[in-house]
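# Residue-level structural notes
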Amino acid sequence: MTALIVAEHTNTHLNSLTLNAVTAALACSDEVHILVIGHQAGAVAEQAAQVVGVSKVLLADAPHLAEQLAENSAAQVLALAGNYTHILFAATASGKSIAPRVAAKLDVAQVSEITAVVAPDTFERPIYAGNAIATIKSLDPVKVLTVRSTNFAACANTGGSAGIDRVDCIADSGMSSFVSREVSKSDRPELAAAKIIVSGGRALGSADKFQATLLPLAEVLGAALGASRAAVDSGYAPNDLQVGQTGKIVAPDLYIACGISGAIQHLAGMKDSKVIVAINKDPDAPIFTIADYGLEADIFTAIPQLVEALQH
Ligand code: FAD
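Keep in mind that this is a model prediction, so the values were computed, not measured.

Counting its regular elements, the chain contains nine helices and 15 strands. Considered along the principal axes of its C-alpha atoms, the chain spans approximately 60 × 40 × 40 Å. Burial statistics for the chain: of 312 residues in total, 48% are counted as buried. Excluding contacts between residues fewer than 6 apart, the proportion of contacts in the chain whose partners are at least 24 apart in sequence is 65%. In the structure as shown, the chain presents an accessible area of about 14,500 Å², 51% of it carried by carbon and sulfur atoms. Across the chain, the centroid of the 20 positively charged side chains sits 3 Å from that of the 30 negatively charged ones.

Attention now goes to the sheet that holds strand β11 (residues 196-200). Ordered in space as β12-β11-β13-β14-β15, the five strands form an open sheet in which the pairing is parallel. The open sheet has two edge strands, β12 (224-227) and β15 (293-296), and neither has a second partner. Direction aside, neighbouring strands of the sheet carry axes that sit 15° apart on average. Relative to β12, β11 is paired through four bridges, and the arrangement is parallel.

Scanning all chains against the criterion turns up nine salt bridges. The salt bridge partner of Asp165 is Lys56, with a shortest N-O separation of 3.9 Å. Separated by 109 residues along the polypeptide, Asp165 in strand β10 (residues 163-166) and Lys56 in strand β3 (residues 56-61) bring together distant segments of the chain. Accessibility expressed as a relative area gives 34% for Asp165, which makes it partly exposed. Across the pair Asp253 and Lys274 runs a salt bridge, and its minimum N-O distance is 3.6 Å. On the criterion of sequence distance, the pair formed by Asp253 in the loop between α6 (229-233) and β13 (254-258) and Lys274 in the loop between α7 (264-270) and β14 (275-280) is long-range, its members being 21 residues apart.

Cut-offs used in this document
Residues numbered from 1 in each chain as written. Predicted model: local features only at pLDDT ≥ 70, side-chain atom pairs only at ≥ 80, totals over all residues. Heavy atoms only, no water. Helix = DSSP H or I, 4+ residues; strand = E, 2+ residues; numbered from the N terminus. Buried < 20%, exposed > 50% of the residue type's maximum accessible area, 1.4 Å probe, protein only. Contact = heavy atoms within 4.5 Å. Areas by Shrake-Rupley, 256 points an atom, 1.4 Å probe, with all protein chains shown as cover. Lys, Arg positive; Asp, Glu negative; His and termini not counted. Charge placed at Lys NZ, Arg CZ, Asp CG, Glu CD. Pairing = 2+ DSSP bridges. Axes fitted to C-alpha atoms, helices over the stretch in contact; angles between N-to-C directions. Salt bridge = Lys/Arg side-chain N within 4 Å of Asp/Glu carboxyl O.

Structure below.
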């Protein structure tokens, strides 16, 4: 059994979420290959070759693959799919866009957001916003999987010595073209990879207060900022900070929920955090039921006090 992982990358850097997918792939198969689809992405292939447990890196490098559009990427994966028993993607916006195209063309059922590998054909995945875990046995000849990164440890990114093979690139499908990309820039750590997250909810009241209240705490802790959907929908925080069922799934070492009630859809995105701290003025807020440490207090008083204490 051989697994193929489709790398997440920027054409210069391999995204660390690929390392979590390698761990999942090693639990499914004897051999693991990484496919790098991009342009001038040789550096990414070199990085992928260093990943422990990977035996081969395939590099599909062409100008029309530069933006890793789903249509071309899916076609590139399909051109190689015949050699593999498992095809894995990180469960990111990109992976979730390519994987269904691959599964449909292979006429197999995709297994989404696996959280554990029970056997090479059997996987666990959350359902009902994480309130139940389904164990799924796939009878398909090829398993197309997206991997929930927070449930698999990242494997080491140095020490491996895989060979790199350039593969024939598919022709441009012409079905989509790249127009532009707006990447939000932040000095804060990236949400999905952060070890500490300070997250704010509707209680913050405005975009200005969100920044003024939470940023000092995030800075003193070296944390990423996160937000509830209510905070995002109210315009207090940008969309890419949303944590939850319809936002990002995170599992940092420390998650500090500030003025967040703890709706089931929010918990679905952060309940696997190692230590959860909740600050809320309502003692009955559901967030307290999953918090390791709860502080019943007004955030506008408690957070400045916390920052002050941490600075000294
Ligand atoms: P509220 O529920 O309004 O809670 C605000 C909290 O702040 C309250 O507990 C209150 O006691 C406390 N508070 C108020 N003032 C203060 C103060 N001064 N000091 C301390 N505490 C204070 N939500 C997500 O977060 N992520 C998702 O991905 C997501 N996806 C969804 C998908 C679907 C299909 C649906 C239907 C909903 C989804 N939601 C999601 C929305 C979710 O149901 C909640 O509405 C949302 O999480 C509430 O956000 P909140 O906790 O910030 O706001």
